[in-house]
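Working through the structure, step by step
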Protein chains: 2
Amino acid sequence: MKHQEALTQYLAAFVTGLVHAGIKDVVISPGSRSTPLAMLMAAHTDLRIYMNIDERSAGFFALGLAKASRKPVALLCTSGTAAANYYPAVVEASLSRIPLIVLTADRPHELRNVGAPQAIDQIHLYGHHVRWFTDMALPEEGRAQANYAETFAVRAVKEATGLPKGPVHLNFPFREPLIPILNPNPFSQQRPPLLIENGRLLLPIESIKKLAEEWQTIEKGLIVCGPIDELGFSESVQNLAEKLGFPILADPLSQLRSNVVTDNHVIDSYDAILKSEKAVEQLKPELIIRFGDMPVSKPLSLFVKNLQDLQYVIVDGGAGWREPNHMATTMINSDEAIFCDDLAAQILESKKSKWLKMWLEMDVIAKDAISTYMVPSEELEEGKAVFELAKLLPEESTVFVGNSMPIRDMDTFFHKNKSNIRVMANRGANGIDGVVSSALGAAVHERPLFLVIGDLSFFHDMNGLLAAKLHKLNINIILLNNDGGGIFSYLPQAKEPKYFELLYGTPTGLNYEHAVQMYHGQYTKVFDWEGFKLAILEAVSHEGLNVIEIPTDRAKNLESHREMWQRVSREINNYLQDVE
Amino acid sequence: MKHQEALTQYLAAFVTGLVHAGIKDVVISPGSRSTPLAMLMAAHTDLRIYMNIDERSAGFFALGLAKASRKPVALLCTSGTAAANYYPAVVEASLSRIPLIVLTADRPHELRNVGAPQAIDQIHLYGHHVRWFTDMALPEEGRAQANYAETFAVRAVKEATGLPKGPVHLNFPFREPLIPILNPNPFSQQRPPLLIENGRLLLPIESIKKLAEEWQTIEKGLIVCGPIDELGFSESVQNLAEKLGFPILADPLSQLRSNVVTDNHVIDSYDAILKSEKAVEQLKPELIIRFGDMPVSKPLSLFVKNLQDLQYVIVDGGAGWREPNHMATTMINSDEAIFCDDLAAQILESKKSKWLKMWLEMDVIAKDAISTYMVPSEELEEGKAVFELAKLLPEESTVFVGNSMPIRDMDTFFHKNKSNIRVMANRGANGIDGVVSSALGAAVHERPLFLVIGDLSFFHDMNGLLAAKLHKLNINIILLNNDGGGIFSYLPQAKEPKYFELLYGTPTGLNYEHAVQMYHGQYTKVFDWEGFKLAILEAVSHEGLNVIEIPTDRAKNLESHREMWQRVSREINNYLQDVE
């Protein structure tokens, strides 16, 4: 009994620490070795437990939960390859700066590296992809050891929510017996809680003043907002843009397209605009200030890379290094919203400029061209699905966007609005894996939630759908099914017909209605745009898993996208001709 | 064009090296960055390409292929989290000593750690879980660089097939454009191939003589064979057992139960026998010689741990350290079959002993008790499914066994025979992940193939089923569906009813018929043993994916197993009473 008492005291202290540090959601995968932590977590009334059988899906489910709640989430699994299944989600969390507390049960030291069952080398299992790793001591009795456990739980959260945020990994060796003592209540508070106060990075006022002075004199400035989801940032950056008279090129994941304070700065069709060679030639900003991660737009990235004499400023509150173009001239480590506020406070009057006017006019022209092309199209194709969805989304809804084509279509077709729609995606490593689970994790906190996803990505994480059934989550999945790897049609590989279908097209020929039925979901196959509209309108009030499939054709998608972009370029060229 | 010529020459040399080193099967997941290697591999007429969309399944598919063919298999994926999805299979391959050549495409150096899309830190991505890692140079022209690439392909295979075998990881940075030149044929041989000759570990003859001399004098010796699948070993160890007069306790994965040269040494019901306390008390071997990995039987492991004055010899041709009991008295690094042959050659006459006779009699008694209990049972339960299957398996067939309960049932109910049935499982880390894919990889080389698997393990790797459809593989899956984590019912956790179903039972309530339909498979639900028999008999000639589901009940399974073991113990106790 001594053993079980020690186990209970030590781990109850750890769980108490997690709760004190703000953990509310825990995603657990079934297993034996993890029993003591699993039972104590289940017994703590302040923790919500989400069981998830497939650890890969569990990892991404936790990621989505943390993303939506903007809070750290804990993960727990047993020893062995179970823990290795978290790796993709850990890598994504590291790159997209999502705080995950990864807890893995392990066999005790005497059973490591000796061929014991379910024992793998879990020390530094996630390599450089976690902010912090520690191999915990075996549970031992005594207040000192309990203090250590409680403190390390809080520390784990501190490391995960520091700069930049990210995953941490704590490995717990446990000896048998594994059952803790749940009666009497093991969570009797023994010491004052350890609190975390995380500071933010701020520039000294002299630096702010100097930048404000310099930047006010610049006519041709651009603010670029990539993926960023910090509360308050939208308003702050729009305020700064107004003061500086700069357009904001707003990625769909910048949360700026849908929190438009004023219509006068946000540009959302720059991806289409910058496909015009004339635009690239004529629009030469002197200054770009970038917030957030790299935007999805490739034309924008190419545009930046080819600019000369550019002042290129990257502002990063997480103090990372996210600049693959090697064009930066200033790296500013500062909280983004505070930076905008402090800077704006130094500028007394808002500026209007010809440069801004031109961008706004091009934005209207590009979107008109896109609309004129899209509206009459009857063809079932992916771009139009996102185009239509954008018009139908209810206020306060959330869109989770798959990688590969959906995020690019979102970039093209999701235009600025005041509906307060939150847009999320896994843009750390841009993987097609784990997207279903991430969206379902987000669905715990966000509703109504729409997931826009391609068939390969849907296939990759089909196991994730179980969470919808087990946890009674509401999700509407817009499944863009071109039966294979649609994005590859856009690449030069498509010109090599010999191996194209084998290596890239990879048609699966699967009827996903079966999968949806298995998970007790509702399935609707769309045959025309009227049907799509009805399905989306119905979806808003639908409970549970709802899959709306749009069968599309890879070749036609490609053709239609190309034609549309040509039209936009033509219109933009005409406009710029007149401006000259 | 210079770039593409250099790319082609460098990578054609690499692919040539792989082929020279014996690679025949390559498992590729679709992606853009991996294009140059994927296309060159597809263009090489000596390589068979298996596309697999989900990299986790791809990794396990390659593992199964390598296991069945006893040859190294190459894996290729694109950059990003795709590569992280291989991790569970890499870990399993490392522990179960399966040679995998993991090739990951990467972004070039200037796009690493700077927030570039699809770029993660792939350097040492698999940590200590690979035998060798190298970050390859960027493709460059010239014979010297081609020689390096070709040599490193061969070296990769050497490292993967050395002692002990295992996975290796080569990371390839590629710059765009990514398309190699396939015309003219890029594989014009330029240099004599680099060959690998792998030696085996042998003991000096003096050591062999000394051991033979000592061991001949021992009456109470045991040979324990855990999982091992080396050609020729079965015959050699049986020959040695005959000379020494020792019983062979043969794990179902030792390949000894089905390659019985003589009925007189192989004991297969020791797991049941050693559940009797009387047996544990009375049977005190002086010497145990173990070959292969740790056997699945827990009673055997406990038996060994509690013996005193035991000479415990571990023979390992891979020179590893697989001894979690810390009871070994001699670690012998030697090829297992040669060790047996050399030792047997030193012993002139075969020995018969009372000890051996007693083990053989107990073996018959235990199996009679098992049969007497199982034959009349009408209940659909897991043990009986394996018991019946064992009787129905056609000669020369292969059984892939899932972890958790199926492998334990296989241990209890798959008895010795002369049908040359090959038994495989993933017993490196004993994970329930990747089992479907591993079995399908094995099905490329083995047929007819039967996979015995529980529902959670089936669920975990359901995506693996796509390989059956895409590659037209034949597999018969015996799905033991107790709707959740059946094995946990055997653990002390089952006595904590409050959290048991939440944390361990984890019923999914899924009807897997939908999944089977999605993959165009045949599905049969079994309602009685007659139906099961018919389904298995039909399965033998079935093409494609065939799933035979047996719905079972966790509580009844537990009860039935316990009752059966009690009966066996009773019979064994009676026998030992008489012997005393």
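Predicted model only: the values in this text are computed from it and were never measured.

Attention shifts here to the overall build of chain A. When helices and strands are tallied, chain A shows 22 helices and 18 strands. Rg of the C-alpha trace for chain A: 25 Å, near the compact-globule value of 25 Å for 580 residues, within the 12% margin. Restricting the contact set of chain A to residue pairs at least 6 apart, pairs at least 24 apart contribute 78%. Carbon and sulfur atoms make up 50% of the accessible area of chain A, which totals about 20200 Å². Computed over 55 positive and 71 negative side-chain charges, the inter-centroid distance for chain A is 2 Å.

What follows is about the packing of helix 3 (residues 55-69) of chain B against helix 16 (residues 435-443) of chain B. All names here are of chain B. Relative to each other, helix 3 and helix 16 sit at 40°, their axes nearing to 6 Å. Here helix 16 runs oblique to helix 3, going by the angle between their axes. Between helix 3 and helix 16 lies a crossing whose hand is right-handed. When helix 3 is examined against helix 16, the residues S57, F60, F61, L63, G64, L65 and A68 are found in contact with a partner set consisting of S437, S438, L440, G441 and A442. Looking at side-chain class alone, the contact of helix 3 with helix 16 contains seven nonpolar, five polar and no charged residues.

Opposite the 83 residues of chain A that make contact, chain B presents 83 residues. Taken together, both faces of the contact between chain A and chain B bury some 6900 Å²; the carbon and sulfur share is 63%. Of all residues in chain A, the largest losses of buried area upon contact with chain B belong to I53, L503 and M518 of chain A, amounting jointly to 9% of the total for that side. If you look at where chain A meets chain B, you find two salt bridges. Counting every contact that joins chain A to chain B gives 32 residue pairs in polar contact (both at pLDDT 80 or more). Those elements giving two or more residues to the side of chain A that touches chain B turn out to be helix 2 (35-43), helix 3 (55-69), helix 4 (81-84), helix 5 (87-96), helix 17 (455-460), helix 18 (466-470), helix 19 (497-505) and helix 20 (513-518) of chain A. The class makeup of the residues in the side of chain A that touches chain B is 45 nonpolar, 23 polar and 15 charged.

We now examine the relation of the copies chain A and chain B. When chain A is fitted onto chain B, the two copies agree to an RMSD of 0.0 Å after a turn of 180° and an axial shift of 0.0 Å. The two molecules are tied by a two-fold rotation axis, judged by turn and shift. For chain A, the residue whose C-alpha comes nearest the rotation axis is H514 of chain A, separated from it by 2.5 Å. Here 100% of the contact residues of chain A are again contact residues in chain B; the copies associate through an equivalent surface.

On to the domain arrangement of chain A, then. All names here are of chain A. The domains assigned to chain A are domain 1 (2-173), domain 2 (205-365) and domain 3 (382-552). With centres defined by C-alpha atoms, the gap from domain 1 to domain 2 works out at 39 Å. Tallying the contact residues gives six residues for domain 1 and nine residues for domain 2. When the two sides are added together, the surface that domain 1 and domain 2 hide from each other amounts to roughly 590 Å², 34% of it contributed by carbon and sulfur. Considering only the surface of domain 1 that becomes buried against domain 2, R70, R97 and L163 emerge as the three largest contributors, covering 75% of it. Linking domain 1 to domain 2 there are two salt bridges. The residue D229 makes a salt bridge to R70 at a minimum N-O spacing of 2.7 Å. Our enumeration of links across domain 1 and domain 2 arrives at two residue pairs in polar contact (both at pLDDT 80 or more). Residue composition of the side of domain 1 that touches domain 2, grouped by class: three nonpolar, no polar and three charged.

Residue and element names in this part refer to chain B. Taken together, six strands build an open sheet; the order of strands is 9-8-7-10-11-12 and the sheet is parallel. The sheet is open, and its two edges are formed by strand 9 (266-267) and strand 12 (330-332), each paired on a single side. Relative to strand 11 (residues 311-315), strand 10 (residues 287-291) runs parallel, the two being bridged by five bridges. Across the sheet, the residue bridging to F291 is V315, located in strand 11.

The next thing to look at is the sheet that holds strand 11 (residues 311-315) of chain A. Residues and elements named next belong to chain A. Here six strands make up an open sheet; going across it, the order is 9-8-7-10-11-12 and the pairing parallel. Pairing within the sheet leaves two strands with one partner each, and these edge strands are strand 9 (266-267) and strand 12 (330-332). Relative to strand 8 (residues 248-250), strand 7 (residues 221-225) runs parallel, the two being bridged by three bridges. In the strand pairing of strand 8, V224 is matched with L249. Along the sheet, helix 7 (residues 205-216) makes contact with strand 10 (287-291), strand 11 and strand 12, crossing strand 11 at roughly 140°. In the packing of helix 12 (residues 336-345) onto the sheet, the strands contacted are strand 10, strand 11 and strand 12, and the crossing angle to strand 10 comes to about 140°.

A few words now on the nonpolar core. Burial of nonpolar side chains together is a common tendency in soluble globular proteins. One finds L100 of chain A together with L100 of chain B to be the most contacted residues of the largest nonpolar core, which totals 128 residues. Once residues within four sequence positions are removed from consideration, L100 of chain B is found in contact with G59, A62, L63, A66, V73, L75, A89, A93, A160, G166, P167 and V168 of chain B.

The next thing to look at is unusual backbone geometry. Residues L163 of chain A and P164 of chain A are joined by a peptide bond in cis, for which omega reads -20°. Here P164 of chain A lies in the loop between helix 6 (143-160) and strand 6 (167-173). Between N183 of chain A and the following residue, P184 of chain A, the backbone shows a cis peptide bond with an omega angle of 10°. Note that P184 of chain A resides in the loop between strand 6 and helix 7. Of note, the phi angle at T506 of chain A is positive, near 35°, even though the residue is not glycine. Within the secondary structure layout, T506 of chain A lies in the loop between helix 19 and helix 20. Here D309 of chain B, not a glycine, exhibits a phi torsion of approximately 55°, which is positive. Among the secondary structure elements, D309 of chain B is positioned in the loop between helix 11 (298-305) and strand 11.

With that settled, consider the pattern of salt bridges. In the structure shown here, the tally under the stated rule is 58 salt bridges over all chains. R175 of chain A is the salt-bridge partner of E110 of chain A, the closest N and O atoms lying 2.6 Å from each other. A residue pair is termed long-range when its members are at least 10 positions apart, and E110 of chain A in the loop between strand 4 (100-106) and strand 5 (132-135) and R175 of chain A in the loop between strand 6 and helix 7 qualify at 65 residues. Assessed through its relative accessible area of 38%, R175 of chain A is described here as partly exposed. Across the pair E150 of chain B and R143 of chain B runs a salt bridge whose closest N-O atoms are separated by 3.4 Å. In this structure E150 of chain B comes out as buried when scored by relative accessible area, which is 5%. By relative accessible area, which is 26% here, R143 of chain B ends up partly exposed. A network of salt bridges, in which partner residues are shared, links R70, D229, R422 and E446 of chain A.

Rules and cut-offs
Residues numbered from 1 in each chain as written. Chains lettered and ligands numbered in written order. Predicted model: local features only at pLDDT ≥ 70, side-chain atom pairs only at ≥ 80, totals over all residues. Heavy atoms only, no water. Helix = DSSP H or I, 4+ residues; strand = E, 2+ residues; numbered from the N terminus. Rg over C-alpha atoms; globule rule 2.2 N^0.38 Å. Contact = heavy atoms within 4.5 Å. Areas by Shrake-Rupley, 256 points an atom, 1.4 Å probe, with all protein chains shown as cover. Lys, Arg positive; Asp, Glu negative; His and termini not counted. Charge placed at Lys NZ, Arg CZ, Asp CG, Glu CD. Axes fitted to C-alpha atoms, helices over the stretch in contact; angles between N-to-C directions. Parallel < 35°, antiparallel > 145°, perpendicular 65-115°, else oblique. Left-handed = near helix turned anticlockwise from the far one by under 90°. Nonpolar A, V, L, I, M, F, W, Y, C, P; charged D, E, K, R; others polar. Buried area = accessible area lost by both parts, 1.4 Å probe. Salt bridge = Lys/Arg side-chain N within 4 Å of Asp/Glu carboxyl O. Polar contact = N/O pair within 3.5 Å; in protein donor to acceptor, adjacent residues only side chain to side chain. Least-squares fit on C-alpha atoms with pLDDT ≥ 70 in both. Domains from an automatic or database assignment. Pairing = 2+ DSSP bridges. Core = buried A, V, L, I, M, F, W, Y, C linked by side-chain atoms within 4.5 Å. Buried < 20%, exposed > 50% of the residue type's maximum accessible area, 1.4 Å probe, protein only.

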